[in-house]
Amino acid sequence: MSSNRAVSDLSPRYWPFDVEWLPRSAYLVGGAVRDALIERKSKVIDLDFVLPEGAVETARQIARHYQAGFVVLDEERQIARVVFENATADFAQQEGGSIEKDLRRRDFTINAIAYNPHTQTFIDPLQGQEDLAKGVLRMISKKNLKADPLRLLRAYRQAAQLNFKIARKTRSALSLLAPLLANVAVERVQTELKYLFAAPEGGLWLSAAHQDGLLTLWFRNLQEENLQQIEHLDQCAWLLGKIWEELHAQLQAPIAPNALSLMSLAKLTCLVASNPKAAESQMENLKYSRAEIRGVTIALKYLPRLLKISTAPMSLREQYFFFQEVGSLLPLLAVLVVTLAAQRDVLQEMRAVGMVAPLINRYLDPDDPVAHPIPLLSGNELMQALQLSPSPQIGKLLTEIQIARIEGLIATPEEALKFAATAIDSA
């Protein structure tokens, strides 16, 4: 860990605004300083500044000059955010009368280091740099954790992201204070879980959080076996990606704007109840979106059927209805099936890959008539040709036409009309 290298990484030349807009008593704090000291690179520029006075007005002036977005995050505590095209900068009023007192009000020692960009000096009253060098997450005080109980869950998230250990006394305090998480807005909890799902060591630290009682409030019936599944998921996704690159790419993509990726949904599926209705209730309590809830409940609904596919293959008719409901969630189901098998042994894992391979191949083939059917007839064409009135019967006929087509019974619109006429006559 080199302070000289950190000074270089923290250079204002990388900022979206000129350092001269800041008073000489301003300090850069938090994650940006911590990450620079351990040479951790971030994909985005996220800066946090503490100013002894005029924090909101300074932010407003910078935003106006650079034509950037501006929002007051906390009027009482005087915190504002400036949003640039590829960066964000938060400006907060100093608490406690000095930068040292402000730093002592923070969560962990590694986040309580300040850097003055004008003098290129660090303020580190709690030896945060020593803990950075040791790879240890250490609380500043229980009082600080109580001030914002989300910090309890954030400890496991930061340990996962940084690949750090949590100090023994700190972890004991986290467990002791766990009931305070009931006072935290669930939207904030959801955000921390999202970070844990995305972190390489997230499964390990989710398990630790569960052992310490921090997940019980939202996942009451969670078992250690479920957490072990999460630890296998990334490896199984990698295995599937070696065979189907496109499938791996889809697993990493969000299912909707501002929503979880399919991989994160797979991990969430391991946390919630196995009963779809119970899982839906848990996710509603955490205020997940309808798209995210649907993804998890569809996965739970079809997992038992897919796990039996080797002894009870799906007919073409079953596959048709399966793809109609599952659609783009197929990669989610595939990685869960393989993960559940991988918990037993490698041989079972490879059998599971072979088991779901036909479904994956259908899904990835845009011309496959089972996974991506193209209608031979429209509803209007069917009604006009057979002089039918609008009714639920039309939809049922169109469905049977599609199934007859994939079963090889018909191939043209003319054959589809004859098939429909026969179906009506025999009804």
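Everything quoted here is computed from the prediction, not taken from an experiment.

1. Notes on the packing of helix α13 (residues 262-271) against helix α15 (residues 290-307)
Pairs of packed helices are described in terms of their axes, by the angle between the two and the distance that separates them.
Item 1. In contact at an axis separation of 10 Å, α13 and α15 are set at 60° when each is read in the N-to-C sense. If you check the angle between α13 and α15, you find them oblique. In this structure, the crossing between α13 and α15 has a hand that is right-handed. On α15, the residues touching Leu 265, Leu 268 and Thr 269 of α13 are Glu 292, Gly 295, Val 296, Ala 299 and Leu 300.
Item 2. Broken down by class, the residue content of the contact of α13 with α15 amounts to five nonpolar, two polar and one charged.

2. With respect to unusual backbone geometry
Item 1. For Gln 127, which is not a glycine, the phi torsion comes out positive at approximately 55°.
Item 2. Here Gln 127 shows up in the loop between β7 (121-123) and α5 (128-134).
Item 3. Although it is not a glycine, Asn 163 adopts a positive phi angle of roughly 60°.
Item 4. The topology assignment puts Asn 163 in the loop between α7 (150-162) and β9 (165-166).
Item 5. When its relative accessible area of 58% is taken as the criterion, Asn 163 is described as exposed.

3. Things to note about the packing of α13 against helix α17 (residues 330-342)
Item 1. Interhelical geometry of α13 versus α17 gives an angle of 50° and a closest axis separation of 9 Å. By the angle between their directions, the pair α13 and α17 is classed as oblique. Considering only the axes of α13 and α17, their crossing is right-handed. Residues Leu 262, Met 263, Leu 265, Ala 266, Thr 269 and Cys 270 of α13 touch α17, and the partners they reach there are Pro 331, Leu 332, Val 335 and Leu 336.
Item 2. Class assignment of the residues belonging to the contact of α13 with α17 gives a composition of nine nonpolar, one polar and no charged.

4. Brief notes about α15
Item 1. Across its 18 residues, α15 extends 26 Å between first and last C-alpha, which sits within 8% of the 26 Å expected from 1.5 Å per residue.
Item 2. The largest bend in α15 is about 30°, located at Lys 301, with the proline Pro 304 one to four residues further on.
Item 3. Within the span of α15, buried status applies to Glu 292, Ile 293, Gly 295, Val 296, Thr 297, Ile 298, Ala 299, Leu 300, Tyr 302, Leu 303 and Leu 306.

5. Re the pattern of salt bridges
Item 1. Under the counting rule described, the total for this entry stands at 21 salt bridges.
Item 2. Linking Lys 287 and Glu 187 is a salt bridge whose minimum nitrogen-to-oxygen distance equals 3.3 Å. In this pair, Lys 287 is assigned in the loop between α14 (276-285) and α15 and Glu 187 in helix α9 (residues 186-198), connecting sequence segments 100 residues apart.
Item 3. Overall, the relative accessible area of 38% leaves Glu 187 in the partly exposed class.
Item 4. The closest approach of N and O atoms between Arg 290 and Glu 284, which form a salt bridge, is 3.3 Å.
Item 5. Each of Asp 74, Arg 77, Glu 95 and Arg 105 takes part in salt bridges that share partners, so that together they form one network.

6. Quick word on the environment of Pro 331
Item 1. If you trace the backbone, Pro 331 turns up in helix α17.
Item 2. In the structure, Pro 331 is positioned 94 residues away from Ala 237 in sequence and 9.2 Å away in space, judged by C-alpha atoms.
Item 3. When neighbours within four sequence positions are excluded, Pro 331 is seen to be in contact with Leu 247, Gln 250, Leu 251, Leu 262 and Tyr 363.

7. Structural notes on the environment of Glu 407
Item 1. Within the secondary structure, Glu 407 sits in the loop between α20 (392-406) and α21 (413-426).
Item 2. Residues Glu 407 and Leu 132, 275 residues apart in the sequence, show an inter-C-alpha distance of 63 Å.
Item 3. With sequence-adjacent residues up to four places away left out, Glu 407 is seen in contact with Leu 316 and Arg 317.

8. Quick word on the side chain of Thr 269
Item 1. With respect to the element layout, Thr 269 can be found in helix α13.
Item 2. Among the residues examined, Thr 269 registers a relative accessible area of 6% and is labelled buried.
Item 3. Within the local environment of Thr 269, its side chain forms a polar contact with the backbone oxygen of Leu 265, the two atoms lying 2.7 Å apart.
Item 4. Among residues more than four places away in sequence, those in contact with Thr 269 are Val 296, Ala 299, Leu 300 and Leu 336.

9. Thoughts on the pairing of strand β5 (residues 87-93)
Item 1. Along β5, five of the seven residues are buried, which leaves the element largely enclosed by surrounding structure.
Item 2. With seven bridges joining them, strand β2 (residues 45-51) and β5 adopt parallel strand pairing. Counted as the bridge partner of Leu 51 is Gln 93 from β5.
Item 3. Both strand β4 (residues 79-83) and β5 contribute to a ladder of five bridges, which runs antiparallel. Bridge pairing in β5 links Ala 80 to Phe 91.
Item 4. Between the antiparallel neighbours β4 and β5 lie three residues.

10. Things to note about helix α19 (residues 379-386)
Item 1. What α19 keeps buried is the set Gly 379, Leu 382 and Met 383. The buried residues of α19 occupy an angular sector of 95° when the element is viewed end-on, so they sit on one face. Of the residues in α19, the exposed ones pointing more than 90 degrees away from the buried face are Asn 380 and Gln 384.
Item 2. Looking at the buried positions of α19, the neighbouring elements they touch are α20 and α21.

Rules behind the numbers
Every residue gets a number counted from 1 within its own chain, in the order that chain's sequence is written. Only residues with pLDDT of 70 or above have their local features reported here, since the model is predicted, and side-chain atom pairs are shown and tallied only from 80 upward, although totals for entire chains, interfaces and linings are computed over all residues. Values shown for side chains rest on all heavy atoms present in the structure; no hydrogens or waters enter the calculation. Axis lines are fitted to C-alpha atoms, over the contacting stretch for helices. Their N-to-C directions set the angle, which ranges from 0 to 180 degrees. For the purposes of this entry, the term helix denotes a DSSP run of H or I that reaches at least four residues, the term strand denotes a run of E that reaches at least two, and both are numbered from the N terminus. If an angle is under 35 degrees, it is roughly parallel; if it is over 145, roughly antiparallel; if it lies from 65 to 115, roughly perpendicular; otherwise it is oblique. The crossing is said to be left-handed when, going from far helix to near helix, the turn is anticlockwise and less than a right angle, and right-handed when the turn is clockwise. Throughout, a contact is declared for two residues whenever any of their heavy atoms are within 4.5 Å. For this scheme, ten residues count as nonpolar: Ala, Val, Leu, Ile, Met, Phe, Trp, Tyr, Cys and Pro. Four count as charged, namely Asp, Glu, Lys and Arg, and the remainder, Gly too, count as polar. Think of it in three bands: with a 1.4 Å probe and only protein chains considered, a residue is buried below 20% of the maximum accessible area for its type, exposed above 50%, and partly exposed in between. Helix span, expected: 1.5 Å multiplied by one less than the number of residues in the helix. Working definition for bend: take the seven residues up to and ending at a residue and the seven starting at it, fit an axis to each, and measure the angle between the axes. Should a side-chain nitrogen of Lys or Arg be within 4 Å of a carboxyl oxygen of Asp or Glu, the pair is scored as a salt bridge. Two N or O atoms count as a polar contact when they lie within 3.5 Å, although within protein this holds only if one can serve as hydrogen donor and the other as acceptor, and sequence-adjacent residues are included solely when both atoms are side-chain atoms. Two strands qualify as a pair provided DSSP detects at least 2 bridges between them. Within this analysis, the arc is defined by the directions that extend from the helix axis to the C-beta atoms.

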